[in-house]
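# Summary of structural features
So the chains spell out like this:
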Amino acid sequence: MAKIKGKPAADGKIRCIVWGCGQVGRDIIKTISPGRTYMRIVGAVDTDPKKTGKLISDLYPEEGNNIDIPISSSFEDCLKRLNEPVEVVFHQTESHLDVIGPELEEAMKAGINVVAASEVMHYPTIRHPEAAASLDKVAEENGVTITGAGVNPGFIFDSWVVGMAKMAADLGHVQVIRSMNPSGMGPGDNAHVGMGLEVDEFHRQVEKGIVQGHLGFLESLPAVAERLGINIDRVEESWTPITEDHDVDSGGPVGMLKAGTVCGCTQEARGMDGDVERISFKILMYYEPERYGYEIADEVILDGVMPVHAKIKPGLKSKLGSAAGQICAAGDIINAPPGLRSVLDDPYGGPKRGGDFRYITDPDNPPKPGLMKLIKQPA
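Residues numbered from 1 in each chain as written. Predicted model: local features only at pLDDT ≥ 70, side-chain atom pairs only at ≥ 80, totals over all residues. Heavy atoms only, no water.

## Digging into the sheet that holds strand E8 (residues 234–243)
How we decide: One requirement defines pairing of two strands: DSSP has to find at least two bridges between them. Under the DSSP-based scheme used, a helix requires at least four consecutive residues in state H or I and a strand at least two consecutive residues in state E, with every element numbered from the N terminus. In this description, a line fitted to the C-alpha atoms serves as the axis of each element, helices being fitted only across the stretch in contact, and the angle between N-to-C directions of two axes falls anywhere from 0 to 180 degrees.
An order of E8-E11-E12-E7-E13-E14 is seen for the 6 strands of this open sheet, with the pairing classed as mixed. Pairing within the sheet leaves two strands with one partner each, and these edge strands are E8 and strand E14 (308–312). Sheet twist, expressed as the average angle between the axes of neighbouring strands with direction ignored, equals 10°. Bridge analysis of E8 against strand E11 (residues 262–273) gives 10 bridges, and the strand direction is antiparallel.

Below, the structure written as structure tokens:
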């Protein structure tokens, strides 16, 4: 842990700040809650006046079990409250780089590694080369690492595909399908997906770039094509909204979606090589996917000499999956070289968890048919 500014924690855990205590932040808190991971929360930030000043344990009594850390209104204020060094900031305030760029740089200039939930942070160099170069420069100047991580992107449309392709030779076509129930989305997610809009307004906002649906396809697809050596010359996206003749419960703060407005959407990105489709990424966001003949699942289909067809059923949960992906990525970047990093650069097996040890066979009990006794040794 050469990059840590200060002594390692006495308990051996990675100390972190949760910047953004909304739905994803809540699941990070839930996952890190005492005794569950190799992380420990030492600070939290949120600009919502309903959260600022409260203890995590008071705001989220079930998820934040005994985490008596106050939520600060700014990152600067959070740093002033700290009484020990911090290794990682989990950042999830917004998705767009022009908004979050200054926040990410602020964290890195404090000498802290950053894991960002923003979809575009998985592979920002493809569409935002100047912003990516700036982030990389700030990271290197301050001896820290920054990455984007989560479930989607970060795993379903990236790491999982590349991992499954270890067993697929001479790939002719890659297809990934994620069918999910978006119930519980917050206002921000809802706005860029377009739920609740009239159909004509939905299409107008797509044309203006306001409704973008899942923001990560334009990063994930080229990144996967690079890793798998697949030639493409463009990415084409399409959106197909659906409506119902009755009100639909969004299951979250957005409330009821009126009959006749958009209450579901299929979004597809296609990696094309001339007239030939080489990659198809599809996400189906329906409040009741079973009604449309879809099961909640994640699926990858690789066509090649050794074909691969894998499915996760039921599909991974978006918010909780994002939290898990970020936490795992944090373990990887602690000892990674400074700079901007992709989760595709991380070890396939992820970081070691739960201590630096190894297993050996018990010398006093040699292995025999049906039984091998083990003991732990420091690595």
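So, next bit.
## Some details on the packing of aromatic side chains
This is how the line gets drawn: Stacked, edge-to-face and tilted are the three classes for Phe, Tyr and Trp ring pairs, Trp counted by its six-membered ring, which pair at centre distances within 6.5 Å; planes under 30 degrees apart are stacked, over 60 edge-to-face, the rest tilted. Here the term buried applies to any residue with accessible area under 20% of the maximum for its type, exposed to any over 50%, and partly exposed to those in between, with areas from a 1.4 Å probe on protein chains only.
On inspection of all chains with the given rule, the structure shows 7 aromatic pairs. Judged by centre distance (6.0 Å) and plane angle (45°), the rings of Phe217 and Phe281 are tilted. One end of the pair, Phe217, is in helix H9 (residues 217–228); the other, Phe281, is in strand E12 (residues 276–286), with 64 residues separating them in the sequence. Exposure class is identical for Phe217 and Phe281. Each is buried.

## Quick word on helix H10 (residues 318–333)
Rule in force here: Working rule for helices: expected span equals 1.5 Å times residues minus one.
Helix length check: H10, at 16 residues, gives a terminal C-alpha distance of 22 Å against a target of 22 Å (1.5 Å per residue), a fit within 8%. Listing the buried residues of H10 in full gives Gly321, Ser322, Ala323, Gln326, Ile327, Ala329, Ala330, Gly331, Asp332 and Ile333.

## Focus on the packing of helix H1 (residues 23–32) against H10
Spelled out, the test is: Here is the rule for angles: anything less than 35 degrees is roughly parallel, anything more than 145 is roughly antiparallel, 65 through 115 is roughly perpendicular, and the remaining ranges are oblique. Should the near helix be turned anticlockwise from the far one by less than a right angle, the crossing is termed left-handed; should it be turned clockwise, right-handed. The contact criterion used throughout is that any non-hydrogen atoms of two residues lie within 4.5 Å.
Axis separation between H1 and H10 bottoms out at 8 Å; the angle between their running directions is 60°. Judged by the inter-axis angle, H1 sits oblique to H10. Read as a crossing pair, H1 and H10 show a hand that is right-handed. Across the interface between the two elements, Gln23, Val24, Asp27, Ile28, Lys30, Thr31 and Ile32 from H1 touch Lys319, Leu320, Ser322, Ala323, Gln326 and Ile327 from H10.

## Some remarks on the packing of helix H4 (residues 97–109) against helix H5 (residues 129–141)
Our working definition: Classes in brief: Ala, Val, Leu, Ile, Met, Phe, Trp, Tyr, Cys and Pro nonpolar; Asp, Glu, Lys and Arg charged; the others, Gly included, polar.
In the contact formed by H4 and H5, the axes pass within 9 Å of each other and the chain directions differ by 10°. Looking at the two axes, H4 sits roughly parallel to H5. Residues Leu97, Gly101, Leu104, Glu105, Met108 and Lys109 of H4 pack against Ala131, Ser134, Leu135, Val138 and Ala139 of H5. Of the residues contributing to the contact of H4 with H5, the split by class is 7 nonpolar, 2 polar and 2 charged.

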